[in-house]
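Next come the chains, spelled out residue by residue.
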Amino acid sequence: MIVSAPKTKAGTRQLPIPDDLAPLLAAHLERWAQDGDDGIVFPSSSGRIMEGSTFRTTVWTKAIATAGIRHVVFHGLRVTSTTWLLDAGVNAKTVSVMQGHSSAAVTMNVYARSSAAARKSAAGKVGALLGEALAAAPNVVLIDSRRRDRQNVTRGRAGAGTETALSS
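Keep in mind that this is a model prediction, so the values were computed, not measured.

(A) Quick peek at a nonpolar patch on the surface. Together, Leu-15, Ile-17, Leu-21 and Leu-24 line one region of the surface with nonpolar side chains, adding up to about 360 Å² of accessible area. Considering the arrangement of structural elements, one finds Ile-17 in the segment before α1 (22-31). Residue classification places Ile-17 among the partly exposed positions, given a relative accessible area of 36%.

(B) Fine view of the environment of Pro-43. Examined against the element boundaries, Pro-43 turns out to sit in the loop between α1 and α2 (52-67). Measuring from C-alpha to C-alpha, the distance between Pro-43 and Ala-33 comes to 6.8 Å, with ten residues separating the pair along the chain.

(C) Highlighting the environment of Pro-6. Structurally, Pro-6 can be placed in the segment before α1. The class of Pro-6 is partly exposed, set by a relative accessible area of 40%. The sequence separation of Pro-6 and Gly-100 amounts to 94 residues, and the corresponding C-alpha distance is 8.9 Å. Non-local contacts of Pro-6, meaning those with residues more than four positions away in its chain, are made with Gly-11 and Thr-12.

Rules used throughout
- Residues numbered from 1 in each chain as written.
- Predicted model: local features only at pLDDT ≥ 70, side-chain atom pairs only at ≥ 80, totals over all residues.
- Heavy atoms only, no water.
- Patch = residues over 30% accessible without salt bridge, like charges linked within 9 Å, V, L, I, M, F, W, Y side chains within 5 Å.
- Areas by Shrake-Rupley, 256 points an atom, 1.4 Å probe, with all protein chains shown as cover.
- Salt bridge = Lys/Arg side-chain N within 4 Å of Asp/Glu carboxyl O.
- Helix = DSSP H or I, 4+ residues; strand = E, 2+ residues; numbered from the N terminus.
- Buried < 20%, exposed > 50% of the residue type's maximum accessible area, 1.4 Å probe, protein only.
- Contact = heavy atoms within 4.5 Å.

This is the structure we're talking about:
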């Protein structure tokens, strides 16, 4: 295990956490974390940095089994949190800063996913706009395409006076 600075300057950041998480993290820090700025927050049972394979076998696989969820790769949590933040309406730049990405483009191109909930929400929004447009008795545009070089376009409200223009 090699401890080094993050890949980019954006990786060094302060991360806000939900209020409900603060007491849980405080209890963990009190019981398990090492003192000091360089102290390990999640040390192994021997007090050292936990190797990835040890974490996977002793912590991660047990946690997902206990939670009753299918196999999830630990790094997938970054994808999940990115997608949840975007689905919650947090703008891409803020998500990028929170995730420590070098740019919002990295956030959107590498980590963001289109969730079923987001697609359903988008369809609902389009449906609402369509419903509003139909309910508002929009201007009627009739295009007579019988002549290839010109089109007769009739504009106006249905039942109201109309105006015909010749367009090419």
